[in-house]
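# Examination of the molecular architecture
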Amino acid sequence: MFNPECEFTDDTVMTVAIAEALINAGRDATFEEIAVKSEESMRRWGRKYIEAGYGAKFIWWLMLDNLGPYNSYGNGSAMRVSAAGWLFDSIERTREAARATAAVSHNHPEGIKGAEATASVIFLSRTGKDKGFIKKYIEDEFDYNLRRTCDEIRPGYYHTETCQETVPEAITAFLEGDSFDDVVRTAVSLGGDCDTLTAIAASMAEAYYGMPKEYVDWIKTKLPDEFVKVLQHI
């Protein structure tokens, strides 16, 4: 599934940044403490890896210390949030942490919603809930349309970087897939903002199925050691 030309993108850099922020903030951190740590960590990692493929507005946010949240509903809030789904002991705390990591930049309601929904799927997956339970929870709590199949989505899908047009599609790919590999391949097949959509779906698949060891070992060879050191603490 992977080949020598694969490289990490902004999705990975920001995932590492949020993972570091949540680890450093601690499990009992307040919303405000998580937000401060998230902002600090994203700017530090983002500036170090500035050519990873960020959107234009987010680059401005990374580079200007005094630039606050800019009402974004981009899918960046969802692609970076996965650590929140692993580090907390309740769905309520998971969602609060997800909101805090999003709000520092992507504070539009759809940006917040995308981060919360993604982290919720990860939390529910790793705590043993089945896909039927997860689907109903997401539909009830976030009002996402999960009734379409990937075959129905694919023909009319296009490149979009919004949460509202990426997160439901990523969740649908996760729900349809029957293994880590299958989820990733299904997500890629949808197209759109493919690396981000697949990053979101893959984070859910890892929580539900686990990631094959050979993939973990291979990915480690492609990531800077400082990335791996952070991710090993999750």
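Here the structure is shown first, and the text comes after it.
To start, this report covers the structure provided alongside it. Note that the structure is a prediction, hence the values are computed from the model and not measured. (Residues numbered from 1 in each chain as written. Predicted model: local features only at pLDDT ≥ 70, side-chain atom pairs only at ≥ 80, totals over all residues. Heavy atoms only, no water.)

By size, the foremost hydrophobic cluster in this structure holds 72 residues, and its most contacted members are L22, I138 and I171. Among the elements that take part in this core, helix 7 (residues 109-126) stands out by supplying eight residues, more than any other. In contact with L22, other than residues within four places in its own chain, are I34, A83, A84, L87, F88, A97 and T101. (Core = buried A, V, L, I, M, F, W, Y, C linked by side-chain atoms within 4.5 Å. Buried < 20%, exposed > 50% of the residue type's maximum accessible area, 1.4 Å probe, protein only. Helix = DSSP H or I, 4+ residues; strand = E, 2+ residues; numbered from the N terminus. Contact = heavy atoms within 4.5 Å.)

This paragraph deals with the pattern of salt bridges. The full count for this structure, using the stated rule, is 14 salt bridges. Close ionic contact of E96 with R93 constitutes a salt bridge, the shortest N to O distance being 2.6 Å. Here E96 and its partner R93 are both found in helix 6 (residues 91-103), three residues apart, which amounts to about one turn of the helix. A salt bridge links R95 to E116, with the nearest nitrogen and oxygen atoms 2.6 Å apart. Of this pair, R95 sits in helix 6 while E116 sits in helix 7, and the two are 21 residues apart along the sequence. Accessibility expressed as a relative area gives 15% for R95, which makes it buried. Accessibility expressed as a relative area gives 7% for E116, which makes it buried. Taken together, the shared-partner salt bridges connect R95, R99, E116 and E141 into one network. (Salt bridge = Lys/Arg side-chain N within 4 Å of Asp/Glu carboxyl O.)

Turning to the packing of helix 2 (residues 31-48) against helix 6, a few remarks are in order. The interhelical angle for the contact between helix 2 and helix 6, taken along N-to-C directions, is 45 degrees, at an axis separation of 8 Å. By the angle between their directions, the pair helix 2 and helix 6 is classed as oblique. For the element pair helix 2 and helix 6, the recorded crossing hand is right-handed. Taken together, the residues of helix 6 that come into contact with helix 2 (itself represented by F31, I34, A35, S38 and M42) are E96, A97, R99, A100, T101 and A103. In the contact of helix 2 with helix 6, the residues fall into seven nonpolar, two polar and two charged. (Axes fitted to C-alpha atoms, helices over the stretch in contact; angles between N-to-C directions. Parallel < 35°, antiparallel > 145°, perpendicular 65-115°, else oblique. Left-handed = near helix turned anticlockwise from the far one by under 90°. Nonpolar A, V, L, I, M, F, W, Y, C, P; charged D, E, K, R; others polar.)

Right, let's get into the side chain of E169. By the element assignment, E169 lies in helix 10 (residues 167-176). A distance of 2.9 Å separates the side chain of E169 from the side chain of R148, its partner in a polar contact. If we ignore the near neighbours within four places in the chain, the residues touching E169 are R148, I153, Y157, Q164, L190 and L197. (Polar contact = N/O pair within 3.5 Å; in protein donor to acceptor, adjacent residues only side chain to side chain.)

Attention shifts here to the packing of aromatic side chains. Counted according to the given criterion, the structure contains 15 aromatic pairs. Ring centres of F8 and Y49 lie 5.9 Å apart, and the angle between their planes is 80 degrees; on these two criteria the pair is classed as edge-to-face. Placement of F8 in the segment before helix 1 (10-25) and of Y49 in the loop between helix 2 and helix 3 (56-63) is noted, with a sequence separation of 41 residues between them. Ring centres of F180 and Y215 lie 6.1 Å apart, and the angle between their planes is 45 degrees; on these two criteria the pair is classed as tilted. Of this pair, F180 sits in helix 11 (residues 180-190) while Y215 sits in helix 13 (residues 213-222); the two residues are 35 residues apart in sequence, bridging distant segments of the chain. Residue classification places F180 among the buried positions, given a relative accessible area of 5%. Grouping aromatic residues by their ring pairs yields a cluster made of F2, F180, Y215 and W218. (Phe/Tyr/Trp six-rings, centres within 6.5 Å; stacked < 30°, edge-to-face > 60°.)

Positive phi, normally seen in glycine, also occurs at N71, with a value near 60 degrees. By the secondary structure assignment, N71 is in the loop between helix 3 and helix 4 (76-79). One non-glycine residue, D143, lies in the positive phi region at around 55 degrees. With respect to the element layout, D143 can be found in the loop between helix 8 (131-142) and helix 9 (150-153).

Another point: helix 12 (residues 194-209). With 16 residues, helix 12 should reach 22 Å at 1.5 Å per residue; the first-to-last C-alpha distance of 21 Å fits that figure. Turning to helix 12, its buried residues number three or more, namely T196, L197, T198, I200, A201, A202, S203, M204, A205 and A207. Against helix 1, helix 4, helix 5 (82-87), helix 7, helix 10 and helix 11 lie the buried residues of helix 12. The positive-phi residue at the C-terminal boundary of helix 12 is G210, with phi of around 80 degrees. (Expected span 1.5 Å × (residues − 1).)

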